[in-house]
Amino acid sequence: MYTLKLTIKSLQNLKNIKTYLFKIQQFLKNKNIIIKGNISQKKKNTIYTVLRSPHVYKKSREHFNYNYYKQTFYILNENLYILIYFLIIIKKIIPQNVLIKTKIKKIKNAYSLIG
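The structure presented is a predicted model; accordingly, all values stated were derived computationally and were not measured. (Residues numbered from 1 in each chain as written. Predicted model: local features only at pLDDT ≥ 70, side-chain atom pairs only at ≥ 80, totals over all residues. Heavy atoms only, no water.)

Visitor: For this particular structure, what's the right way to read helix 1 (residues 17–28)?
Guide: Counting along an α-helix, one turn takes 3.6 residues, and residues three or four places apart therefore face a common direction. Its 12 residues give helix 1 an end-to-end C-alpha distance of 17 Å, which sits within 8% of 16 Å, the value for a rise of 1.5 Å per residue. When we look at burial in helix 1, the residues that qualify are I17, L21, I24, Q25 and L28. Buried residues of helix 1 fall within an arc of 100° about the axis and therefore sit on the same side. Exposed residues pointing more than 90 degrees away from the buried face of helix 1 are listed as K23, Q26 and F27. Backbone geometry just after helix 1 places K29 at a positive phi near 55°. (Helix = DSSP H or I, 4+ residues; strand = E, 2+ residues; numbered from the N terminus. Expected span 1.5 Å × (residues − 1). Buried < 20%, exposed > 50% of the residue type's maximum accessible area, 1.4 Å probe, protein only. Arc of directions from axis to C-beta.)

Rendered as structure tokens:
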């Protein structure tokens, strides 16, 4: 059994990612694909400070705030090629401003992840 770990990072809160994954599962018509997760981590705030003027008016600064949202999904299947095909379809459907980290791992006991 193989597991595909998807970590999705975006500047927008993507609540409908799980619906995308279930639509792809129905498109493939494969009932052996198991989707676990929607583990959402806390949003991460990053603040950047930029000086407006470098020399005389140093106290004049501008702040930019970025909020990052992360979600993690586990997709399980016995066939490695179906998981790779699943990943190709995901990359075509999900918007461009989303970062995806993937990790494929072969596991012996998949029932510990399912339960």
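Visitor: I would appreciate a short explanation of the pairing of strand 5 (residues 99–106) in the present structure.
Guide: The two faces of the sheet receive side chains in turn, since in a regular strand these alternate between them. The element strand 5 is largely exposed, with a buried count of zero among its eight residues. With eight bridges joining them, strand 1 (residues 2–10) and strand 5 adopt antiparallel strand pairing. Paired with K9 across the bridge in strand 5 is L99. (Pairing = 2+ DSSP bridges.)

Visitor: Just checking my understanding: could you explain a positive patch on the surface for this structure?
Guide: On the surface, K9, K44, K70, K101, K103 and K105 cluster together into a positively charged patch. In terms of residue count, strand 5 provides more of the positive patch than any other element does, three residues in total. Exposure remark for K70: the relative accessible area of 36% places this residue in the partly exposed category. (Patch = residues over 30% accessible without salt bridge, like charges linked within 9 Å, V, L, I, M, F, W, Y side chains within 5 Å. Areas by Shrake-Rupley, 256 points an atom, 1.4 Å probe, with all protein chains shown as cover. Salt bridge = Lys/Arg side-chain N within 4 Å of Asp/Glu carboxyl O. Lys, Arg positive; Asp, Glu negative; His and termini not counted. Charge placed at Lys NZ, Arg CZ, Asp CG, Glu CD.)

Visitor: Can you walk me through the packing of aromatic side chains in this structure?
Guide: For any two aromatic rings, the description comes down to two numbers: the centre-to-centre distance and the angle of the planes. Here the structure, examined in full by the defined rule, presents one aromatic pair. Over the ring of Y68 we find K9, and its NZ or CZ is 4.7 Å from the ring centre. (Phe/Tyr/Trp six-rings, centres within 6.5 Å; stacked < 30°, edge-to-face > 60°. Lys NZ or Arg CZ within 6 Å of the ring centre and 35° of its normal.)

Visitor: Looking at this structure, I do not really get the pattern of salt bridges. What am I missing?
Guide: Any two side chains of opposite charge can pair, given that their charged atoms come close. On inspection of all chains with the given rule, the structure shows one salt bridge. In this structure, the salt-bridge partner of E62 is R52, at a minimum N-O distance of 3.7 Å. Here R52 lies in the loop between strand 3 (44–51) and strand 4 (61–77) and E62 lies in strand 4, a separation of 10 residues in the sequence. According to the relative accessible area criterion, E62 is partly exposed, its value standing at 35%.

Visitor: Any chance you could explain the packing of helix 1 against helix 2 (residues 80–93) here in plain terms?
Guide: At their nearest, the axes of helix 1 and helix 2 sit 11 Å apart, and the two run at 130° to each other. Taken together, the axes of helix 1 and helix 2 lie oblique to each other. Crossing of helix 1 against helix 2: the hand is right-handed. Residue-level inspection shows Y20, L21, I24, Q25, F27 and L28 of helix 1 in contact with helix 2, the latter providing Y85, F86, I89, I90 and I93. Residues belonging to the contact of helix 1 with helix 2 are distributed by class as follows: 10 nonpolar, one polar and no charged. (Axes fitted to C-alpha atoms, helices over the stretch in contact; angles between N-to-C directions. Parallel < 35°, antiparallel > 145°, perpendicular 65-115°, else oblique. Left-handed = near helix turned anticlockwise from the far one by under 90°. Contact = heavy atoms within 4.5 Å. Nonpolar A, V, L, I, M, F, W, Y, C, P; charged D, E, K, R; others polar.)

Any functional reading would require information beyond the geometric quantities listed.
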